[in-house]
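Below are the chains, spelled out letter by letter.
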Amino acid sequence: MSDKNHLYLVDGSSYIFRAYHRLPPLTNPQGVPVGAVYGYTTMLWKLAKDLHEADGPTHLAVILDHSSQSFRNEIYDQYKANRPDPPEDLVPQFPLIRHATRAFSLPCIEMENFEADDLIASYTEAAVREGWDVTIVSSDKDLMQLVREPDEGPRVDMLDTMKNVRLGVEAVHEKFGVGPELVGDILALMGDSVDNVPGVRGVGPKTATKLIVEYGDLEKALAGAETMKPSKLRDNLIEHADMARLSRILVDLKRDCPLPDALDALKLGAIPPAPLKVFLDEHGFRSLSAKLDNGASPGGPPTLPKATSAAAAEAPSTPALPAMPAIDRAAFECVTTLDALDRWIAEARAAHVVAVDTETASLDSVTGRLVGVSLATAPGRACYIPLGHGGTDMFAERPEQVDFDAALDRLRDLFADEAVLKVGHNLKYDIGVLAQHGVAIAPYDDTLVMSFALDAGKHGHGLDELARLHLDHVCLTFKEMCGTGKSQISFAEVPLDRATEYAAEDADVALRLWNLLKLRLPLEGGTRVYEMVDRPLVAVVESMERAGVMVDRDYLARLSGEFATEMQRIEAEIHKEAGQPFTIGSPKQLGEILFDKLGLKGGRKGKSGDWSTDQNELERLERDGVPIARLILEWRQLSKLKSTYTDALQAQINASTGRVHTSYSLVGAQTGRLSSTDPNLQNIPIRTEVGRQIRDAFVAAPGHLLLAADYSQIELRLAAHMADVPELKEAFAQGQDIHAATAIELFGEVNRDTRAKAKTVNFSILYGISRWGLAGRLEITPDEAQALISRYFERFPGISDYIRDTLEGAREHGYTETLFGRKTWFPRIKAANQNERQGSERAAINAPIQGTSADLIKRAMARMPAALAAAGLADVKMLLQVHDELVFEAPEALAEPAKEVIRGVMAGAAEPVLKLSVPLDIDIGTGKSWGDAH
DNA sequence: GATAACTCC
DNA sequence: AGTTCTGGAGTTATCC
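Residues numbered from 1 in each chain as written. Chains lettered and ligands numbered in written order. Predicted model: local features only at pLDDT ≥ 70, side-chain atom pairs only at ≥ 80, totals over all residues. Heavy atoms only, no water.

1. With respect to the overall build of chain A
Turning to step 1, where the next piece is worked out: Across its full length, chain A holds 36 helices and 23 strands.
Turning to step 2, where the next piece is worked out: Counting the 934 residues in chain A, one finds 53% classified as buried.
Turning to step 3, where the next piece is worked out: Expressed as a percentage of contacts within chain A between residues at least 6 apart in sequence, the contacts between residues at least 24 apart total 68%. (Helix = DSSP H or I, 4+ residues; strand = E, 2+ residues; numbered from the N terminus. Buried < 20%, exposed > 50% of the residue type's maximum accessible area, 1.4 Å probe, protein only. Contact = heavy atoms within 4.5 Å.)

2. Section: the packing of helix H4 (residues 93–103) against helix H12 (residues 273–282)
Turning to step 1, where the next piece is worked out: Contact geometry for H4 and H12: axes closest at 8 Å, N-to-C directions at 145°. Here Leu96, His99, Ala100 and Ala103 of H4 come into contact with H12, specifically with Pro275, Leu276 and Phe279.
Turning to step 2, where the next piece is worked out: Across the contact of H4 with H12, the residue classes tally to six nonpolar, one polar and no charged. (Axes fitted to C-alpha atoms, helices over the stretch in contact; angles between N-to-C directions. Nonpolar A, V, L, I, M, F, W, Y, C, P; charged D, E, K, R; others polar.)

3. Observations regarding the pattern of salt bridges
Turning to step 1, where the next piece is worked out: In this structure the tally under the stated criterion is 52 salt bridges.
Turning to step 2, where the next piece is worked out: The residue Asp409 makes a salt bridge to Arg412 at a minimum N-O spacing of 2.6 Å. With Asp409 and Arg412 both in helix H16 (residues 404–416), this residue pair falls three residues apart, about one helical turn.
Turning to step 3, where the next piece is worked out: Classification of Asp409 as partly exposed rests on a relative accessible area of 42%.
Turning to step 4, where the next piece is worked out: Taken together, the shared-partner salt bridges connect Glu149, Arg155, Asp157 and Arg166 into one network. (Salt bridge = Lys/Arg side-chain N within 4 Å of Asp/Glu carboxyl O.)

4. Focus: the nonpolar core
Turning to step 1, where the next piece is worked out: Residues Leu375, Phe415 and Ile902 are the most contacted members of the largest nonpolar core, which totals 179 residues.
Turning to step 2, where the next piece is worked out: Not counting chain neighbours up to four residues away, the residues in contact with Ile902 comprise Leu707, Ala709, Met864, Leu868, Phe888 and Ile924.
Turning to step 3, where the next piece is worked out: Counting 62 residues, the second-largest nonpolar core is a separate cluster that includes Val169, Leu218, Leu250 and Leu263. (Core = buried A, V, L, I, M, F, W, Y, C linked by side-chain atoms within 4.5 Å.)

5. So, unusual backbone geometry
Turning to step 1, where the next piece is worked out: Of note, the bond from Ala442 into Pro443 is cis; its omega dihedral lies within 30 degrees of zero at -10°.
Turning to step 2, where the next piece is worked out: Looking at the secondary structure, you find Pro443 in the loop between helix H17 (427–435) and strand E12 (444–446).
Turning to step 3, where the next piece is worked out: At the junction of Glu911 and Pro912, the peptide bond is cis and its omega measures out at 0° in the coordinates.
Turning to step 4, where the next piece is worked out: Of note, Pro912 is situated in the loop between helix H36 (895–907) and strand E23 (922–927).
Turning to step 5, where the next piece is worked out: Its identity as a non-glycine residue notwithstanding, His352 has a phi of 60°, on the positive side.
Turning to step 6, where the next piece is worked out: Secondary-structure assignment places His352 in the loop between helix H15 (338–351) and strand E8 (353–360).
Turning to step 7, where the next piece is worked out: Residue classification places His352 among the partly exposed residues on the basis of a relative accessible area of 45%.

6. Here we look at the protein's contact with DNA strand C
Turning to step 1, where the next piece is worked out: Close to DNA strand C lie 30 residues; Ser586, Asn680, Tyr767, Gly773 and Arg777 are nearest.
Turning to step 2, where the next piece is worked out: Of all DNA strand C atoms lying within 4 Å of any protein atom, the proportion belonging to sugar or phosphate reaches 67%.
Turning to step 3, where the next piece is worked out: Arg842 places a polar side-chain atom, nitrogen or oxygen, 3.1 Å from a phosphate oxygen of DNA strand C.
Turning to step 4, where the next piece is worked out: Elements supplying a minimum of two residues to the surface near DNA strand C: helix H24 (587–597), helix H26 (627–651), strand E16 (675–677), helix H32 (771–778) and helix H35 (834–870). (Near = heavy atom within 4 Å. Polar contact = N/O pair within 3.5 Å; in protein donor to acceptor, adjacent residues only side chain to side chain.)

7. Details of the protein's contact with DNA strand B
Turning to step 1, where the next piece is worked out: In the region of DNA strand B, 21 residues are neighbours, and Arg673, Asn683, Ile686, Arg687 and Asp884 sit closest.
Turning to step 2, where the next piece is worked out: At the protein interface, 84% of the atoms of DNA strand B within 4 Å belong to sugar or phosphate.
Turning to step 3, where the next piece is worked out: Between DNA strand B and Asp884 there is a distance of 2.7 Å, counted from a sugar or linking oxygen to a side-chain nitrogen or oxygen.
Turning to step 4, where the next piece is worked out: Broken down by element, the residue count for the surface near DNA strand B peaks at four residues, all from H26.
Turning to step 5, where the next piece is worked out: Its residues assigned to classes, the surface near DNA strand B shows six nonpolar, eight polar and seven charged.

8. Some details on the sheet that holds strand E10 (residues 381–386)
Turning to step 1, where the next piece is worked out: Strand order across the open sheet formed by six strands is E7-E10-E9-E8-E11-E12, with mixed pairing between neighbours. For this open sheet the edge positions go to strand E7 (333–334) and E12, each flanked by a neighbour on one side alone. (Pairing = 2+ DSSP bridges.)

9. Quick word on the side chain of Thr852
Turning to step 1, where the next piece is worked out: Structurally, the position occupied by Thr852 is in helix H35.
Turning to step 2, where the next piece is worked out: For Thr852, a relative accessible area of 0% puts it in the buried group.
Turning to step 3, where the next piece is worked out: Leave out the neighbours within four places in its chain, and Thr852 touches Leu718, Met722, Thr818, Leu819, Phe820 and Ala847.

10. Comments concerning the sheet that holds strand E1 (residues 6–11)
Turning to step 1, where the next piece is worked out: The strand order E3-E2-E1-E4-E5-E6 describes an open sheet built from six strands, whose pairing is mixed. Among the strands making up the open sheet, the edge pair consists of strand E3 (108–109) and strand E6 (165–167).

11. Quick notes on the environment of Asp235
Turning to step 1, where the next piece is worked out: Within the secondary structure layout, Asp235 lies in helix H10 (residues 232–239).
Turning to step 2, where the next piece is worked out: Remark: the alpha-carbon pair of Asp235 and Arg201, spanning 34 residues in sequence, is separated by 10.0 Å.

12. Looking at the packing of aromatic side chains
Turning to step 1, where the next piece is worked out: In the structure shown here, the tally under the stated rule is 11 aromatic pairs.
Turning to step 2, where the next piece is worked out: Where Phe491 meets Tyr502, the ring centres are 5.6 Å apart and the plane angle is 50°; that geometry is what we call tilted. Highlighted residues: Phe491 in the loop between helix H20 (478–482) and helix H21 (496–523) and Tyr502 in helix H21, separated in sequence by 11 residues.
Turning to step 3, where the next piece is worked out: On the basis of relative accessibility, which here comes to 8%, the residue Tyr502 falls in the buried class.
Turning to step 4, where the next piece is worked out: Look at Tyr815 and Trp825: their rings are 4.9 Å apart centre to centre, the planes differ by 65°, and that puts the pair in the edge-to-face class. (Phe/Tyr/Trp six-rings, centres within 6.5 Å; stacked < 30°, edge-to-face > 60°.)

13. Some remarks on the pairing of strand E2 (residues 59–63)
Turning to step 1, where the next piece is worked out: Judged by how many residues are buried, E2 sits mostly within the fold: five of five residues are covered.
Turning to step 2, where the next piece is worked out: Side-chain alternation along E2 places His59, Ala61 and Ile63 on one buried face and Leu60 and Val62 on a second face that is also buried.
Turning to step 3, where the next piece is worked out: Two strands pair when backbone bridges link them, and E1 and E2 are joined in this way by five bridges, in the parallel orientation. Directly across from Tyr8, in E2, lies its bridge partner Leu60.
Turning to step 4, where the next piece is worked out: Inspection of the sheet shows E2 paired to E3 by two bridges, in the parallel sense. By the bridge assignment, Ile63 is partnered in E3 with Ile109.

14. Considerations on the pairing of strand E22 (residues 885–891)
Turning to step 1, where the next piece is worked out: Counted residue by residue, E22 has seven buried out of seven residues, so it is predominantly covered.
Turning to step 2, where the next piece is worked out: On E22, burial covers both faces: Glu885, Val887, Glu889 and Pro891 on one face and Leu886, Phe888 and Ala890 on the other are all buried.
Turning to step 3, where the next piece is worked out: In this structure, strand E18 (residues 704–711) lies alongside E22, joined through seven bridges in antiparallel fashion. If you follow Leu706 over to E22, its bridge partner there is Glu889.
Turning to step 4, where the next piece is worked out: Alignment of strand E21 (residues 877–881) against E22, held across four bridges, turns out to be antiparallel. Each residue of the ladder has a partner; that of Leu880, found in E22, is Val887.

15. What about the confidence of the model for chain A?
Turning to step 1, where the next piece is worked out: For chain A, the mean per-residue pLDDT works out to 87, and 94% of the residues sit at or above 70.
Turning to step 2, where the next piece is worked out: A low-confidence stretch, residues 300–320 stays under pLDDT 50, and its non-local contacts, those more than four residues away or across chains, total 69 contacts. (pLDDT = per-residue confidence, 0-100.)

16. Details of the side chain of Arg717
Turning to step 1, where the next piece is worked out: Counting through the fold element by element, Arg717 comes out in helix H28 (residues 714–722).
Turning to step 2, where the next piece is worked out: The exposure class of Arg717 is buried, given its relative accessible area of 4%.
Turning to step 3, where the next piece is worked out: Beyond its immediate stretch of four places on either side in the chain, Arg717 contacts Ser712, Phe732, Val918, Pro919, Leu920 and Asp921.

Okay, here's the thing in structure tokens:
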């Protein structure tokens with residue numbers, strides 16, 4: 001950070017036009033349109049907040065056009081003559097820009113006869129003469145003439161706050177192909193239809209750049225026209241030379257206007273909150289107002305997190321903090337004696353917080369051998385304790401290290417110390433590794449989970465990514481330590497000095513991130529969901545993973561064999577139908593066989609140019625009476641079941657436990673759902689009879705039963721509650737068939753057909769489907785689908801209100817929220833690209849419902865172990881979660897009593913913070929296998 | 001590594 | 001000018 005003065009000049013007039021087109025048409029409580037003003041206000045907030053940041057403003061002024069007339073009209077009476085009137089709902093926002101600026105106690109400068117651009121140019125000149133840096137907050141191409149980037153001396157750049165990019169000389173070159181000093185010449189040749197700068201007919205940006213680059217400047221290009229070979233361009237240049245010269249004068253910026261305020265008067269300081277508060281409340285800018293109430297004041301210490309506007313969503317969230325020392329890998333200590341270890345442990349106890357990271361020989365927390373532990377006690381204070389480096393056999397060479405057991409004994413006490421908070425990034429992993437050695441970790445904070453609670457949807461949450469975003473630091477990578485592919489080595493083989501740099505850095509970074517994120521949680525409303533749901537869940541989910549689930553290997557092998565035989569039979573039939581052998585598993589070959597060789601009609605091609613052969617397409621062919629289609633579908637199903645389940649699952653059985661240990665990600669789904677990998681136990685087949693057999697491979701241990709408990713219709717229930725639909729709530733309260741009830745509302749009668757349709761509509765609405773999507777699903781026309789949707793909204797007006805309110809909220813704030821306050825961000829909700837935007841809209845409609853459902857089951861999971869223990873059922877183990885279902889393993893005698901405890905915890909998951917207006921019904925079954933338990 | 005296909009809620 | 005074709009996940013296979 002430099003103590004140099006840095007002047008920010010905000011081009012208010014051009015900003016408001018852009019904001020008007022980019023932001024939704026909000027109105028304030030008085031009904032005045034304020035969308036652009038809101039954008040402007042959040043921009044000022046962000047700019048003022050960056051005071052004291054590197055490259056942030058020390059001085060700031062907003063520059064406005066005084067009127068539509070300026071001295072240029074005297075030079076050329078047609079200047080800006082055919083500019084259209086501003087849109088009707090933008091006009092009342094012009095004066096509000098001045099109000100907003102005054103509310104921030106910032107200088108607002110305008111001057112008769114001069115345009116904002118001229119004042120900006122003049123202030124820039126004056127500041128540069130004083131040796132100040134200048135940032136012009138605008139994306140107006142005319143102002144690019146002012147950019148400068150000398151080897152030494154002041155720098156002038158531009159800042160586009162909407163795209164959050166800074167533009168320097170390089171960007172000018174990119175846009176115009178020449179440096180800033182020649183931009184005026186380019187603009188003069190091009191002309192500008194909006195400002196009615198004539199330019200030369202037939203010359204656009206490309207030709208203008210070509211001419212200036214070739215001849216050197218405007219005058220030389222005009223002079224050179226005479227010698228050009230005859231062309232339309234040559235004629236135009238000669239004919240319009242005078243217009244080009246006039247244009248050059250019009251686009252030139254006046255750099256010596258009188259300055260209404262002296263430079264020093266533009267000094268940026270703490271912004272008095274009182275007038276700002278009045279302004280924010282007057283216009284209903286609630287999120288900013290709340291921030292102000294929370295103590296965040298833009299412009300002066302303390303500087304706190306930025307506004308929760310959609311614009312802010314695109315930038316990384318980095319609150320200003322007391323300065324931390326730079327990350328210095330050379331300062332990390334490699335601990336090789338017990339004395340040194342004791343000193344670090346004492347330091348951690350004194351600090352009452354320690355960041356922890358474990359290194360293992362493989363990436364599996366159940367089998368991964370512990371290789372070392374790193375600790376950090378303060379930013380910049382970190383060490384690595386190697387415990388298992390070197391070869392594993394008795395005679396292998398091992399670098400000097402502390403005694404494994406003695407070190408773990410000492411760490412065990414520290415990690416269980418109630419007075420020392422343990423911080424880690426993805427602690428679930430470290431808890432799992434250390435549990436293998438009888439070491440427990442409590443209390444703890446997890447920066448991965450904290451980041452997710454704050455920024456789900458904004459960016460990833462990996463340690464390296466967060467370090468780049470929040471600490472502007474690039475971490476050493478695992479790849480740099482261990483290599484990749486065949487030559488990859490185990491972390492145990494990494495030399496101690498390198499291992500120390502890598503491992504201690506991770507602990508140091510985690511601790512720094514924790515310092516940032518713990519500050520943001522309460523300010524941004526993330527505390528409740530983090531403390532009540534996600535943080536306690538880390539240990540609960542870890543114990544589920546470690547428990548694993550028993551899988552019957554012989555049974556799977558038998559199924560694999562059956563599937564293989566059946567596949568061979570079908571394969572032969574398919575090849576016979578096709579008249580030649582081919583790879584059925586290749587969609588490309590299959591498409592060619594079906595549509596080129598056999599000449600089947602009605603195929604569609606995807607964007608790769610290949611024929612589509614997906615399930616929809618094959619089912620269509622089947623209906624058209626094409627026998628091969630059915631065979632392919634059957635073959636595909638068996639192939640999927642065999643490769644993904646019956647073969648793969650056998651390989652996933654852990655050799656030492658004899659069980660399958662999945663890994664759950666707490667940050668895997670933007671909505672707050674868990675995800676499951678290695679293997680994914682959340683997509684075990686159930687829909688078809690053949691697939692269902694795989695569920696029978698998941699069995700209870702001898703003397704035990706599996707118990708499966710699932711929420712019935714949870715998302716529809718939550719939709720009925722959240723959108724406040726009396727008819728649906730009533731139907732749920734009376735335990736009615738909800739799809740049948742919907743069918744009555746939609747079609748006036750219930751039969752198989754109308755119920756199935758109603759069910760489709762119910763789910764489709766939750767997913768924000770369009771009429772075209774529904775039409776495809778129900779095989780009706782888009783018009784009929786639209787009629788159905790309209791009728792649904794008419795019958796359940798709460799649903800259409802919910803959708804409207806959810807989308808408005810997402811556009812205004814950039815995020816949606818669950819009933820428990822979990823945020824999901826939608827940075828693309830205002831994307832110019834329609835597909836992207838509508839995709840975000842559908843996701844935003846669904847996220848509060850799916851996310852609330854995820855919150856509920858997670859709350860149930862977090863409470864479950866204690867509830868079971870309190871009922872004397874500590875031997876009942878929670879094993880699996882499948883979004884609305886929990887699977888337990890219970891000693892046979894405990895299965896019945898466990899049912900009631902589990903039902904109680906699940907049904908009461910919303911309480912006490914929330915009273916739902918619909919009951920939560922739980923279906924519970926038991927059996928020797930997962931299949932039986934359903 | 002990308003794409004298409006399929007599995008689940 | 002012309003299109004819009006349900007949300008959230010993970011794994012396997014083929015092909016480049």
